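# Understanding the architecture of this molecule
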Amino acid sequence: MPWPGKAARAVMVASLTAGAAAAQGVHPRFGLGAGLTAPVGDYHATAGGQGFSTAWHGLALLAFKLPALPVAFRVDVSYGSNSANSALKDSLTSRLGAPTDEKTKLAGASVNLTYQSSSAARVKPYAIGGVGVYHTTISVSTGGSTGDRAATKPAWNLGGGLTFGLRGVALFFEARYVNIAAVSGFPRTTFLPFTTGIRFGAP
């Protein structure tokens with residue numbers, strides 16, 4: 001199934017889940033965030049220094065908590081893009097004999113568990129972790145033309161954050177480690193997304 005179809009299917013499943021949760025008296029919370037994606041490992045730089053630079057990403061989330069459980073469920077959809085660093089650009093240019101650039105685009109969806117402190121304080125820490133899939137597109141541009149290759153791979157993530165509760169909304173900041181299985185001929189994609197955003201609904 002093409003990636004747009006998979007994304008639509010994930011959104012539909014999330015919507016049905018939210019509807020079922022609401023029917024049981026559980027109120028879903030929707031949120032939006034954005035921030036920086038910092039590559040780590042070989043995705044940041046190989047032994048020769050070739051890798052990708054820090055860039056931006058966006059995030060949309062749907063979260064809900066079942067009263068009988070100490071954890072909450074959260075569905076995330078994210079998108080980000082990283083450009084080649086100067087060492088990788090120079091290596092590609094030397095190999096192909098023309099100015100060359102490379103870029104990765106990461107479109108992901110994940111299902112996560114979150115555990116938040118039960119403290120009455122307005123600022124509360126939380127832990128988050130889960131699994132999902134990422135559609136990785138690798139674009140190489142040289143001589144006025146661009147070639148793409150893409151694959152959808154499983155991924156997992158782990159991290160934590162802080163929420164600051166206000167009336168009807170919560171501001172949040174989180175940092176996670178994301179590990180995406182390697183695309184053939186490309187290093188395993190590992191990065192740290194730092195996200196700031198807002199979540200609507202009860203804290």
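Each remark here, short or long, concerns the structure printed above.
Below you will find a few notes about this structure. Please read these numbers as outputs of a predicted model, since none were measured by experiment. (Residues numbered from 1 in each chain as written. Predicted model: local features only at pLDDT ≥ 70, side-chain atom pairs only at ≥ 80, totals over all residues. Heavy atoms only, no water.)

### Notes on the environment of Pro-39
Spelled out, the test is: Numbering of helices and strands runs from the N terminus, with a helix taken as a DSSP run of H or I at least four residues long and a strand as a DSSP run of E at least two residues long. We call two residues in contact when some of their heavy atoms are within 4.5 Å.
When you line up the elements, Pro-39 lands in strand E1 (residues 29-40). Sequence separation between Pro-39 and Asn-82 is 43 residues, and the spatial gap between their C-alpha atoms is 8.4 Å. Excluding its chain neighbours within four sequence positions, the residues that come into contact with Pro-39 are His-44, Phe-52, Ser-53, Thr-54, Asn-82, Thr-190 and Phe-191.

### Here we look at the sheet that holds strand E7 (residues 169-180)
The following threshold applies: Should DSSP find at least two bridges between two strands, the strands are taken to pair. To get an axis, fit a line to the C-alpha atoms, keeping to the stretch in contact for a helix; angles then go from 0 to 180 degrees between the N-to-C directions.
Strand order around the closed barrel formed by 8 strands is E1-E2-E3-E4-E5-E6-E7-E8, with antiparallel pairing between neighbours. Put simply, the sheet's adjacent strands are angled 25° from each other on average, direction ignored. Bridge count for E1 against strand E2 (residues 55-65) is 9 bridges, and the pairing is antiparallel. The residue bridging Thr-37 from the neighbouring strand is Ala-55, located in E2. Running over the sheet, helix H2 (residues 86-96) touches strand E4 (100-116) and strand E5 (123-142) and is turned about 140° from E4.

### Observations concerning the environment of Val-77
To be explicit about the condition: Three labels apply to residues, based on accessible area from a 1.4 Å probe with only protein chains included: buried if under 20% of the type maximum, exposed if over 50%, partly exposed otherwise in between.
Of note, Val-77 is situated in strand E3 (residues 72-83). In this structure Val-77 comes out as partly exposed when scored by relative accessible area, which is 40%. Setting aside chain neighbours within four positions, we find Val-77 in contact with Gly-58, Leu-59, Ala-60, Gly-108 and Ala-109.

### Some points on the side chain of Ser-78
Rules: The definition of a polar contact used here is a pair of N or O atoms within 3.5 Å, where within protein one atom must be able to donate a hydrogen and the other to accept one, and adjacent residues in sequence count solely through side-chain atom pairs.
Relative to the helices and strands, Ser-78 resides in strand E3. Here Tyr-134 takes part through its side chain, which lies 3.4 Å from a polar atom of the side chain of Ser-78. If we skip the residues at most four places from it in the chain, Ser-78 touches Gly-58, Leu-59, Leu-106, Ala-107, Gly-108 and Tyr-134.

### Quick look at the packing of aromatic side chains
Aromatic ring pairs are described here by two measures, namely the spacing of the ring centres and the angle between the planes. Applied cut-off: The aromatic pairing rule takes the rings of Phe, Tyr and Trp, using the six-membered ring of Trp, and pairs them if the centres are within 6.5 Å, calling planes under 30 degrees apart stacked, those over 60 edge-to-face and the rest tilted.
Evaluated as defined, the whole model comprises 7 aromatic pairs. Feature note: the residues Tyr-43, Phe-52 and Phe-186 constitute an aromatic cluster, connected by ring pairs.

### Thoughts on the pairing of strand E6 (residues 145-165)
Pairing of E5 with E6, which is carried by 20 bridges, proceeds in the antiparallel orientation. What sits directly across from Lys-124, in E6, is Thr-163. Taking the residues between adjacent antiparallel strands as the criterion, E5 and E6 are bridged by 2 residues, where Gly-143 takes a positive phi near 55°. As paired strands, E6 and E7 are joined by 11 bridges and run antiparallel to one another. When the sheet's bridge partners are listed, Ala-155 is paired in E7 with Ile-180. With antiparallel pairing between neighbouring strands as the criterion, E6 and E7 make up a hairpin whose turn holds 3 residues, including Gly-168 at a positive phi of roughly 80°.

### Remarks on the pairing of strand E8 (residues 189-200)
Looking along a regular strand, one sees the side chains alternate between the two faces of the sheet. Pairing of E1 with E8 involves 11 bridges; the strand directions are antiparallel. Bridge pairing links Gly-33 to Gly-197 in E8. As judged from the 10 bridges shared by E7 and E8, these two strands associate in the antiparallel manner. Bridged to Ile-180 within E8 is Thr-189.

### Side note on the environment of Lys-65
Residue position: Lys-65 is located in strand E2. A relative accessible area of 37% means that Lys-65 is categorised as partly exposed.

### Some details on the pattern of salt bridges
This is how the line gets drawn: Just to be clear on terms, a salt bridge is a Lys or Arg side-chain nitrogen sitting within 4 Å of an Asp or Glu carboxyl oxygen.
Applying the stated rule across the entire model yields 4 salt bridges. Of the charged contacts in the structure, one is a salt bridge between Asp-76 and Arg-74, with a shortest N-O distance of 2.8 Å. Of the two residues, Asp-76 and Arg-74, neither departs from the other in class, the shared state being buried. In this structure, the salt-bridge partner of Arg-176 is Asp-76, at a minimum N-O distance of 2.7 Å. A residue pair is termed long-range when its members are at least 10 positions apart, and Arg-176 in strand E7 and Asp-76 in strand E3 qualify at 100 residues. A residue is classified by how much of its surface remains accessible, and Asp-76, at 3% relative accessible area, is buried.

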